[in-house]
Amino acid sequence: MTTDHATAPSLTTGGKDADLTARLDKELDAFNEGPTGAAPQSSLSVRVDNAAGELIGGLAGWTWGGLCGIEMLWVREDSRTDGWGSRILLAAEAEARQRGCDRAIVSSFTFQAPAFYQRHGYIETGRTPGIPGGHEDVHMFKILAPPASTPAG
């Protein structure tokens, strides 16, 4: 049997491929909608800039089917004792509630900020070993309390 190399599939590896990432997002969103009944993910971000327009910190994540996923939260080193991490996280949780989310997930390496998330009500649900330097990835979950209602009148 011979193989026609002109029509044979090709496999390539490399660095970040924006087109591939966009296509995978589209295909997985379509696949996930069937078993979950949830519409595709929506991006979520929170950004803090100083008066000079320099980034102080921010958060990137998503919402999907009542779940908020936090992918990254970072605060510039010289602003880490100013409470920005908490304000950014709380703003993201408030936005997630407005989008109908009632729960949130995040993971943080043991050398990053698991204690920060735990102080904000996240509970550990598991760990993945094998992170460089002998560290672990700590997976956490939080039930988001409904927003406080305002009195009528």
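Counting restarts for each chain: residues are numbered from 1 in the order of the written sequence. In keeping with the predicted nature of the model, local features appear solely for residues at pLDDT of at least 70, side-chain atom pairs appear and are counted solely at 80 or more, and the whole-chain, interface and lining totals rest on all residues. Hydrogens and waters are ignored; side-chain quantities use all the structure's heavy atoms.

Asker: Could you clarify how one ought to interpret the sheet that holds strand 3 (residues 67–75) in this entry?
Answerer: The pairing of strands in a sheet happens through backbone hydrogen bonds and is either parallel or antiparallel. With mixed pairing, the 6 strands of this open sheet are ordered in space as 1-2-3-4-6-5. Two strands in the sheet have a free side with no partner beyond their single neighbour: strand 1 (42–49) and strand 5 (123–131). Direction aside, neighbouring strands of the sheet carry axes that sit 20° apart on average. Bridge count between strand 5 and strand 6 (residues 135–143): 6 bridges; the pairing is antiparallel. Residue pairing in the sheet places Arg127 in a bridge with Val138 of strand 6. Pairing between two strands is assigned when DSSP locates at least 2 bridges connecting them. Only DSSP runs of H or I with at least four residues qualify as helices, and only runs of E with at least two residues qualify as strands; both kinds are numbered from the N terminus onward. The axes used here are C-alpha line fits, helices contributing only the stretch in contact, and every angle between their N-to-C directions lies in the interval 0 to 180 degrees.

Asker: How should the nonpolar core be read in this particular structure?
Answerer: Side chains that are nonpolar tend, in soluble globular proteins, to be buried together. Residues belong to a common nonpolar core when they are buried Ala, Val, Leu, Ile, Met, Phe, Trp, Tyr or Cys residues joined through side-chain atoms within 4.5 Å. Think of it in three bands: with a 1.4 Å probe and only protein chains considered, a residue is buried below 20% of the maximum accessible area for its type, exposed above 50%, and partly exposed in between. Within the largest apolar cluster, 21 residues are counted, with the highest numbers of intra-cluster contacts made by Leu59, Cys68, Ile70, Leu89, Tyr117 and Tyr122. Every element with two or more residues in this core is listed here: strand 1, strand 2 (55–64), strand 3, helix 2 (84–98), strand 4 (103–109), helix 3 (114–119) and strand 6. The biggest single contributor to this core is helix 2, with 4 residues. Any two residues having at least one pair of non-hydrogen atoms within 4.5 Å are treated as being in contact. Leu59 has contacts with Leu44, Ser45, Val46, Ile70, Met72, Leu73, Ile88, Leu89 and Ala92, leaving out every residue within four places of it along the chain.

Purely geometric numbers; function is a separate question.
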